[in-house]
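Residue-level listing of the chains:
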Amino acid sequence: MAKPLTDHDKRKQISVRGLAGVENVADLKTNFNRHLHFTLVKDRNVATKRDYYFALANTVRDHLVGRWIRTQQHYYEKDPKRVYYISLEFYMGRTLQNTMVNLALENACDEATYQLGLDMEELQDIEEDAGLGNGGLGRLAACFLDSMATLGLAAYGYGIRYEFGIFNQKIVNGWQVEEADDWLRYGNPWEKARPEYMRPVHFYGRVEHTDEGVKWVDTQVVLALPYDTPVPGYRNNIVNTMRLWSAKAPCDFNLKDFNVGGYIQAVLDRNLAENISRVLYPNDNFFEGKELRLKQEYFVVAATLQDIIRRFKASKFGSTEFVAIQLNDTHPALAIPEMMRILVDVEKLLWDQAWDIVVHTCAYTNHTVLPEALERWPVDLFHNLLPRHLEIIYEINRRHLERIGKLYPGDMDRLRRMSLIEEGNVKKINMAHLCIVGSHAVNGVALMCNMNIVPPWPCLTSYIVYSSLSVTFLSFLWSSIATPVVFHSLSVFDTCPESFQAAPGYHTAKMIIRLITAIGDIVNNDPIVGDRLKVIFLENYRVTLAEKIIPASDLSEQISTAGTEASGTGNMKFMLNGALTIGTMDGANVEMAEEAGEENLFIFGMRVPDVEAMDKKGYDAMSYYNRIPELKQAMDQISGGFFSPNQADLFKDLVSMLMHHDRFKVFADYEDYIKCQDKVSALYKNPKEWTKKVIHNIAGSGKFSSDRTISQYAREIWDMEPSLEKIAAPDDPR
Ligand SMILES: *Cc1c(COP(=O)(O)O)cnc(C)c1O
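In this text, all values refer to a predicted model and were calculated from it rather than measured experimentally. (Residues numbered from 1 in each chain as written. Predicted model: local features only at pLDDT ≥ 70, side-chain atom pairs only at ≥ 80, totals over all residues. Heavy atoms only, no water.)

Looking at the overall build of the protein
Logical step 1: Looking only at helices and strands, one finds 28 helices and 22 strands in the protein.
Logical step 2: For the protein, the proportion of its 734 residues judged to be buried stands at 53%.
Logical step 3: In the protein, 73% of the contacts between residues at least 6 apart in sequence involve partners at least 24 apart.
Logical step 4: Total accessible area on the protein stands at roughly 34,500 Å², and carbon and sulfur atoms take up 54% of it. (Helix = DSSP H or I, 4+ residues; strand = E, 2+ residues; numbered from the N terminus. Buried < 20%, exposed > 50% of the residue type's maximum accessible area, 1.4 Å probe, protein only. Contact = heavy atoms within 4.5 Å. Areas by Shrake-Rupley, 256 points an atom, 1.4 Å probe, with all protein chains shown as cover.)

Structure, rendered in C-alpha cells:
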C-alpha cells in the first residue's frame, strides 16, 4: 500500500521552482547544524522549535552577507545616485520566506529541513511579524524597498526601530483588547547593530544669533543607534539596506546639568530619552499632536540626514544632484527645515543656495485628504522642542508668501489658504504645505488632482502588490478558530478587511468591532440560518494574516464613501489574487475599473460629484431610514438590543451616530449596495461567468505592481534609470 503523502511530498510534487541542488542541500544541513551548535549553543536533545527557526534563519542569512557587502562595495565604487526613502513606518511582516524566495533557496531549505526531520513551514510560523506599521502606508514602504532592490536602485530605507510595533489585537468577550507587541523578545536574526555609526540628535535649547551666524545651544542630546536590515532584490544578487534608528541615552544623560536627583535617579531617567523609539503610534489616518510623536519625527530625520551627508561627503562626484529623498507622507517633513539648518547654520551656505538644494532633493507623497489625518503641529510645541526649526519654517513661509503675493496681488484669501502657518486660537504649522513648498515633486497614492492646495503638481499613481503565497486558507481557518464551523464548498468568502483593527481609544471603531462580534453570536447560533451563513471576526489582522486571507477570498468589499479613501491597496491585492470587487468609485477602485473594465467589477453607490452635491443640499439619514423598511428594521434591531440581549442599549450611540451625524453618509449608498450584492449572488451561481470576470481582473492587475510604480518614481521623480541587470554573485558561505 502506498504511504500517504506528507506536506513536504505535496510541496515537492506541486513545485514548479525546479529541484534543489544536492550539494546545496548538504551545505545547508551542515550550516544549520553549525548554527545550532555555535550560535544557539544547543544540541538536538534540548533544542526547541524556536532554536530550529533561529538556526534556519541564520543559515539563510549567511547567504545574504556576501551579497550585501558586495552590493555596498559596488555602490561605493560606482557612486550612483542614491535614493533615501524616509518613513515613520515599515510594515515588513516576516523575512525568512521572502529571503529564501529572492535567493532561490526555498526548495533546498525545504529539502534540508526535511532530511533533518523538521517541517520548514512549522519553523517559518515561529517568526514574529516585523509590525512596524499601521496599514497601507507602512506596507507601501516595505513593498517599495523590495522593488527598489529588485530594480537595482541604490536605495536606503530610513525609519525607527520601534521596540513595540503595532499592538496585538485580542478579542475578549467580543471586545477588542490590545496587547504589547514585544517582537524583539527572542532577538531579531535579521538586524545588525552598528554602534560605530551612532549619531547625536538635539532637542529643546535656545537659538543664539551672533556675528558668526546662528547657533542652537543648550540642547538635550539623545543618541541614535542604527540597526541595519538587509533588503534583497529578486534573484539579482543586490542587497540594499533598511537602517532603523534606536534611541540611546548618552552616558552623561541628566548627570552634567541636572544632577539634582543624583546618580541613581540619572540612570533611571535614561528611560525618558530612550522612550523615543519605544512604541509605534497606532494611528492610521489620524493625527494625534503628542510631543513624543514629534520627537520621533525629528529623531529619524536628524539622524538620517547626518548619515546622508556623511555618505555624500565621502562620495566621488560630490554632486547634490546625486541624492534624492522621498518623504512618505508628512511624517518626515522636518527633513526640509533640518536640511536648511545644516546647510545654512553649519555648512554656511547662502539661504537661496541651500533652498535650491533642498527643493531639488526632496519629494513628497501624500496619502490622505481626510482632515483629521493632516498633521498640524501647534507652534508652541515647536518653539519649545525645536526652536531653530520654527525660525526656519517662518523664514520659508515669509519667502513663500512673498512669491504668492507677487503672483496674485491683493488675493489675501489665497495667502491665508496657502500659508504654512494657520492662524487661530492655537497657531499651527501645516506640514502638508511645508512639504509641497519644499519639494520638487508631489504625488498622491492615487488620483487626487482635485486636492486644491497648490496647483499644479504631477499626478502619479502608486501601487503595491503581494507575491501570492499558495497557502491553503481553509486548513488555516480550521486551526485558528476556537469553535469549528462548517463551510460549504460553495461558500463565498466575503472579506471586508477595512477597520479590522481599531486604534485604542478610537471609540466608534471599537463599537463597530463589538457589533460585528455580536452579530456573529446571534447569526452563528441561529437554527434557521444554520450552516448557510457564518460571521467570523479574524482577530489581529497583520501582514502574515493578509498573506493567508487575500489569496483565499472570492469577494473583496471596498465600500468607502466616494472621496474618502485616497487609494487603498488591499483592493489591488485581492484583484491580483483572484477575488472580484464590490466597491464604490473611490480610491484605486476607479483605476481597477479602468484596467479590468467597469463591467468586471461590481460598482455601486454615489460618485464624488454626487457626494459633493449632497454636501451642498444636506444629507438626511432619516429619510433613508423612513423610506427603506429593511434598513429601518436592521437599525431598530441593532439599537433595540436584538444583537445585545444582555445590554439592550449597547449600540444605541452607534445607531444614533448613523442617523444624526454620520460624516460618511453610509445610508445614502445602502440601497444600491444591497442591489449590487444581489447581482454578486446571482453571478456566483454561474461559475463560468464568475471565473471569466476573475480572469479579466487578474489580467488587468499588472499596473498595480510596486515594480511598475517604482520604475515610474525612478524616472519621473528621482531622475534615475531602473535596471533588471544582475550584479556578480559572491561565493556563498561554505
Ligand atoms: C495592504 C495592507 C493594508 C492596507 O489595506 P487597505 O485595504 O488598503 O487599507 C493594511 N494592513 C495590511 C496587513 C496590509 O497588507
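Details of the UniProt feature "modified residue: N6-(pyridoxal phosphate)lysine" (unreviewed entry) in the protein
Logical step 1: Those residues carrying the UniProt feature "modified residue: N6-(pyridoxal phosphate)lysine" (unreviewed entry) are Lys 573 in this numbering.
Logical step 2: As for its position among the elements, Lys 573 is in helix α20 (residues 570-576). (UniProt positions renumbered as here; feature names shortened; annotations may be inferred.)

Structural notes on the nonpolar core
Proteins that are soluble and globular tend to have nonpolar side chains buried together.
Logical step 1: Ranked by size, the top nonpolar core spans 110 residues in total, and within it Met 148, Phe 299, Ile 325, Phe 382 and Trp 718 carry the most contacts.
Logical step 2: The greatest single-element share of this core, amounting to ten residues, is contributed by helix α10 (residues 291-314).
Logical step 3: Apart from the residues lying within four places of it in its own chain, the contact partners of Trp 718 are Lys 81, Val 83, Met 148, Leu 153, Ala 324, Gln 326, Ile 710 and Tyr 713. (Core = buried A, V, L, I, M, F, W, Y, C linked by side-chain atoms within 4.5 Å.)

Some points on the environment of Thr 561
Logical step 1: Residue placement: Thr 561 occurs in the loop between β20 (555-558) and α20.
Logical step 2: Spatially, the C-alpha atoms of Thr 561 and Arg 607 are 8.4 Å apart, while their sequence positions differ by 46 residues.
Logical step 3: If sequence neighbours within four positions are ignored, Thr 561 has contacts with Asp 586, Met 606, Val 611, Phe 664 and Asp 669.
Logical step 4: A polar atom in the side chain of Thr 561 sits 2.5 Å from the backbone oxygen of Phe 664. (Polar contact = N/O pair within 3.5 Å; in protein donor to acceptor, adjacent residues only side chain to side chain.)

Observations regarding the packing of aromatic side chains
For any pair of aromatic rings, the description consists of the separation of the ring centres together with the inter-plane angle of the planes.
Logical step 1: In the structure shown here, the tally under the stated rule is 17 aromatic pairs.
Logical step 2: Ring centres 5.7 Å apart and planes at 75° place the aromatic pair Phe 203 and Tyr 298 in the edge-to-face group. Separated by 95 residues along the polypeptide, Phe 203 in strand β8 (residues 199-203) and Tyr 298 in helix α10 bring together distant segments of the chain.
Logical step 3: We classify Tyr 298 as buried; its relative accessible area is 1%.
Logical step 4: Ring geometry for Phe 604 versus Tyr 673: centroids 5.2 Å apart, planes at 55°, classification tilted. Taken together, the residues Phe 604 in the loop between β22 (602-603) and α22 (608-617) and Tyr 673 in helix α26 (residues 666-684) connect sequence positions 69 residues apart.
Logical step 5: On the basis of relative accessible area, Tyr 673 is assigned to the buried category, the value being 19%.
Logical step 6: Put simply, the rings of Tyr 84, Tyr 156, Tyr 158 and Trp 245 pair up and form one aromatic cluster.
Logical step 7: Above the plane of the ring of Tyr 197 lies Arg 310, whose end atom (NZ or CZ) is 5.0 Å from the centre. (Phe/Tyr/Trp six-rings, centres within 6.5 Å; stacked < 30°, edge-to-face > 60°. Lys NZ or Arg CZ within 6 Å of the ring centre and 35° of its normal.)

Considering helix α27 (residues 687-700)
Logical step 1: Across its 14 residues, α27 extends 20 Å between first and last C-alpha, which sits within 8% of the 20 Å expected from 1.5 Å per residue.
Logical step 2: Those residues of α27 that fall on the buried side of the exposure criterion are Trp 690, Lys 693, Val 694, Asn 697 and Gly 700. Considered in projection along α27, the buried side chains sweep an arc of 135° and stay on one side of the axis. Exposed and oriented more than 90 degrees from the buried face of α27 are Pro 687, Lys 688, Ile 695 and Ala 699. (Expected span 1.5 Å × (residues − 1). Arc of directions from axis to C-beta.)

A short note on the packing of helix α2 (residues 22-39) against helix α5 (residues 106-115)
Logical step 1: Where α2 contacts α5, the two axes come as close as 9 Å, and the packing angle between them is 55°. Comparing the axis directions of α2 and α5 gives the class oblique. Here the hand of the crossing between α2 and α5 comes out right-handed. Note on element contacts: α5 touches α2 through Ala 108, Cys 109, Glu 111, Ala 112 and Gln 115, opposite Asn 24, Val 25, Leu 28 and Lys 29.
Logical step 2: Split by residue class, the contact of α2 with α5 holds five nonpolar, two polar and two charged. (Axes fitted to C-alpha atoms, helices over the stretch in contact; angles between N-to-C directions. Parallel < 35°, antiparallel > 145°, perpendicular 65-115°, else oblique. Left-handed = near helix turned anticlockwise from the far one by under 90°. Nonpolar A, V, L, I, M, F, W, Y, C, P; charged D, E, K, R; others polar.)

Re the sheet that holds strand β15 (residues 376-378)
Two strands in a sheet stick together by hydrogen bonds in their backbones, pointing the same way (parallel) or opposite ways (antiparallel).
Logical step 1: The strand order β15-β17-β16 describes an open sheet built from three strands, whose pairing is antiparallel. Edge strands, defined here as strands with exactly one partner in the open sheet, are β15 and β16 (421-422).
Logical step 2: Examined bridge by bridge, β16 and strand β17 (residues 428-430) share two bridges and lie antiparallel to one another. The residue of β17 that forms the bridge with Glu 422 is Lys 428. (Pairing = 2+ DSSP bridges.)

Considerations on the pattern of salt bridges
Logical step 1: Across all of its chains, the model carries 43 salt bridges by this definition.
Logical step 2: We note a salt bridge from Arg 311 to Asp 307, for which the minimum N-O separation is 3.8 Å. You can see Arg 311 and its partner Asp 307 sitting in helix α10, four residues apart, about one turn around the helix.
Logical step 3: Residue class for Arg 311 comes out buried when judged on its relative accessible area of 14%.
Logical step 4: Using a relative accessible area of 0% as the deciding quantity, one classes Asp 307 as buried.
Logical step 5: Here Arg 398 and Glu 402 are joined by a salt bridge, their closest N and O atoms 3.3 Å apart. Placement of the pair is Arg 398 and Glu 402 together in helix α14 (residues 387-407), with a separation of four residues, close to one helical turn.
Logical step 6: Taking the relative accessible area as the measure of exposure, Glu 402 reaches 43% and is therefore partly exposed.
Logical step 7: One network of salt bridges, in which partners are shared, links Arg 194, Arg 199, Asp 228, Arg 243, Asp 307, Arg 310 and Arg 311. (Salt bridge = Lys/Arg side-chain N within 4 Å of Asp/Glu carboxyl O.)

With respect to unusual backbone geometry
Logical step 1: One non-glycine residue, Ala 104, adopts positive backbone phi at about 55°.
Logical step 2: Within the secondary structure, Ala 104 is located in the loop between α4 (96-102) and α5.
Logical step 3: Judged by its relative accessible area of 44%, Ala 104 is partly exposed.
Logical step 4: Phi is positive for Arg 235, which is not a glycine, with a value near 50°.
Logical step 5: As for its placement among the helices and strands, Arg 235 is situated in the loop between β11 (220-232) and β12 (239-248).

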